[in-house]
Amino acid sequence: GKVKIIGQAADTGAIAALKSGQQAAWTGFDPGYQPYAMFDAMFRDQEGLPINETEQALQPTQILTKSNINSVNIKDGFWSEPADALSQFKTLWHMQ
C-alpha cells in the first residue's frame, strides 16, 4: 500500500507539503499562543480567580489537510487560529 505522511505541529515545510499533496495531514500549532495562556494564568492568579489546571495548558489545534490548508490562517509560517486570539485576549483583560 501507499504510505501517507502525517505529523504534529506543522511548520512552513509541512504546510508547503500539504498544499502540494506530498503529505496527508498535520496538526496545527501556533507557538505565539502559549504566552497568552501563560499570562492568562498569571492574571487570574493576581486577581484571585480560579485557574483550571487541567485546561490551562491546552492549546487550540486543528487537523490540517490539502483540502483545508488554504482556508486557515497562517501567520509567520505557522497555523494561527483563532486569527483574532490577541484581540480576544486584550478584550478579556481590558487592555488597549
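Look up: the structure comes first, before these words.
Everything in this summary refers to the structure shown in the same document. Predicted model, so just to flag it, every value in this text is computed and none were measured. (Residues numbered from 1 in each chain as written. Predicted model: local features only at pLDDT ≥ 70, side-chain atom pairs only at ≥ 80, totals over all residues. Heavy atoms only, no water.)

A cluster of nonpolar side chains, namely Met38, Phe39 and Met42, defines an oily patch on the protein surface of about 300 Å² accessible area. With respect to the element layout, Met38 can be found in helix H2 (residues 34–47). (Patch = residues over 30% accessible without salt bridge, like charges linked within 9 Å, V, L, I, M, F, W, Y side chains within 5 Å. Areas by Shrake-Rupley, 256 points an atom, 1.4 Å probe, with all protein chains shown as cover. Salt bridge = Lys/Arg side-chain N within 4 Å of Asp/Glu carboxyl O. Helix = DSSP H or I, 4+ residues; strand = E, 2+ residues; numbered from the N terminus.)

Tracing the chain through its elements places Lys2 in the segment before strand E1 (6–7). Here the alpha-carbon distance between Lys2 and Lys90, two residues 88 residues apart in the chain, equals 47 Å.

Considering the arrangement of structural elements, one finds Gln88 in helix H4 (residues 85–92). Residues Gln88 and Tyr36, 52 residues apart in the sequence, show an inter-C-alpha distance of 9.9 Å. There is a polar contact of 2.7 Å between the side chain of Gln88 and the side chain of Asp84. (Polar contact = N/O pair within 3.5 Å; in protein donor to acceptor, adjacent residues only side chain to side chain.)

On to the side chain of Gln23, then. Assignment of secondary structure puts Gln23 in the loop between helix H1 (12–20) and strand E2 (25–27). Among the polar contacts made by the side chain of Gln23, one reaches the side chain of Trp26 at a distance of 2.6 Å. Excluding residues within four positions of it along the chain, Gln23 makes contact with Ile5, Ala14, Ala17 and Leu18. (Contact = heavy atoms within 4.5 Å.)

Looking now at the sheet that holds E1. Whether parallel or antiparallel, the strands of a sheet pair through hydrogen bonds between backbone atoms. Taken in spatial order, the 3 strands line up as E1-E2-E3 in an open sheet, and their pairing is mixed. Looking at which strands have only one partner, the edges of the open sheet turn out to be E1 and strand E3 (63–64). As paired strands, E1 and E2 are joined by 2 bridges and run parallel to one another. Bridge pairing in E2 links Ile6 to Ala25. (Pairing = 2+ DSSP bridges.)

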